[in-house]
Amino acid sequence: MATTRIGLDQMPPAARTAVEEHTGPLRTVEEATDGFNSEIAARVTSATGTWHIKGLRSDHPRAWTQRREAAIAPFLTGLAPALRWHVESEGWDLLGFEALTGHHADYAPGSPDLPEAVSLLRRLGEAPCPGIELRQAEQRLERYAAQPDDLRFFAGPHLLHTDLNNTNVLVDDDAPAGDRARLVDWAWVTRGAVWLDTGYWVIWLIASGHTPASAERWAAEIPSWHLAPAEGITAFAAAGAKLWSGIATADPSPWTRRLAAAAAAWHALRPGR
C-alpha cells in the first residue's frame, strides 16, 4: 500500500533544524510526486549543495526500511546515490542522499535506456553482498511459491534490490555510456540467487510493452541469467504471478493490475508450468 506523502514543512521544526545542521539553511524544497514508500520525499538545495531527502515517522510500520537503507548504502558505490547523512529527530527518521540528475528509465521496446539497465544489472550481479543482516529471498517468496521445494531456487548469497520499478532506475544521459543508470530505493534489499533481480525486471519489461519472449531476450543479455535453471525461472514466474495478483487484489489500481497481468502472461508462457 502507498504511504501518504506530506510536505517537509509539516515536520516538527526541530526535525528540520536537525536536517539543516547537515545542509545549512534550505533555500528550495521541491516535493517529489513519484514513489510509494516514503512520507517525506523532496529535492532540497542550500548554499552548500543539493540533496534528495526521504523519511518516515520513527513509529511507522516500515521505519525499519530507513535503517536498512542506511546500513546498505556504504556498499553501493557505482550502483546507487551516496548517502550523505542520516538524522533521527523529533520522531522522524530522515535520510539525505546525493541528488542525482537524469530521468526515470523507459523500459518500452526500443528505448535507449534498455542497454543502460542491462549494464546496471550486470554490475549489480558482480557486486559483493555485505555481511549485514538482510532478508532472504526464499523467505520473502515463501507465501508465493507453487511448491515448497521451489524455494531452493531462490536462495543464494548475492545482493538483490528486488524492486525494478522503472522509477527506481535513474538514467543520466550526460554520463558515459554503460554507466548512466543508478538504482534508488533500497528498502527491500535482500540476499538470494544472483539471477532474481533480472527475473523481477522481466515482469516490468512485459508491463512496459514487451512480449514475454522479448523480455527474456533482454534478460539473456545479463550473465547471471544464464546461471538460472529453467525450472527455477518457471518457479519464479509462478511466484511472481501469485505475488502480483495478491498486490492487485489488495490495492487495485491501474499500475498494480498492469503488473499482475504482466506476471500472469509470463507465467502462462513458461514451459512446464
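Residue numbers run consecutively from 1 along every chain, following the written order of its sequence. Per-residue local features are limited, in this predicted model, to residues with pLDDT of at least 70; the limit for side-chain atom pairs, both in listing and counting, is 80 or more; totals at the level of whole chains, interfaces and linings are taken over all residues. Calculated side-chain values reflect all of the structure's heavy atoms, with hydrogen atoms and water omitted.

## Some words on unusual backbone geometry
Residue Glu90 is not a glycine yet carries a positive backbone phi of 50°. Tracing the backbone through its elements, the reader meets Glu90 in the loop between β4 (83-89) and β5 (92-98). What counts as a helix is a DSSP run of H or I of at least four residues, what counts as a strand is a run of E of at least two, and both are numbered from the N terminus.

## Considering the packing of helix α6 (residues 196-207) against helix α7 (residues 212-219)
If you want to describe how two helices pack, look at the angle between their axes and the distance between the axes. The convention used is that axes are lines fitted to C-alpha atoms, helices contributing only their stretch in contact, and that angles between N-to-C directions extend from 0 to 180 degrees. Interaxial distance between α6 and α7 falls to 9 Å at its minimum, and their mutual angle equals 140°. In terms of their interaxial angle, α6 and α7 are classed as oblique. Handedness of the crossing formed by α6 with α7: right-handed. Taken together, the residues of α7 that come into contact with α6 (itself represented by Thr198, Trp201, Val202, Leu205 and Ile206) are Pro212, Ala215, Trp218 and Ala219. We call two directions roughly parallel when the angle between them is under 35 degrees, roughly antiparallel when it is over 145, roughly perpendicular when it lies between 65 and 115, and oblique otherwise. By definition, turning the near helix anticlockwise from the far helix through less than a right angle yields a left-handed crossing, and turning it clockwise yields a right-handed one. Whether two residues touch is decided by their heavy atoms; if any such pair falls within 4.5 Å, the residues are in contact.

## Remarks on the sheet that holds strand β9 (residues 169-171)
Only strands joined by at least two bridges in the DSSP assignment are considered to pair. Strands sit in the order β6-β9-β10 across an open sheet of three strands; the sheet is antiparallel. Every interior strand has two partners, whereas the edge strands, β6 (103-104) and β10 (181-183), have only one.

## Structural notes on the nonpolar core
Tyr107, Phe154, Trp186, Trp195 and Trp201 are the most contacted members of the largest nonpolar core, which has 60 residues in total. Not counting residues up to four positions away in its chain, the partners in contact with Trp195 are Phe153, Phe154, Ser224, Trp225, Leu227, Ala228, Pro229, Gly232, Ile233 and Phe236. The nonpolar core is taken to be a set of buried Ala, Val, Leu, Ile, Met, Phe, Trp, Tyr and Cys residues, with the residues joined through side-chain atoms within 4.5 Å. Residue burial is assigned from relative accessible area. The probe radius is 1.4 Å, only protein chains are included, and a residue is buried under 20% of its type maximum, exposed over 50%, and partly exposed in between. Of all hydrophobic cores here, the second largest spans 15 residues; its members include Ala18, Ala42, Val44 and Trp51.

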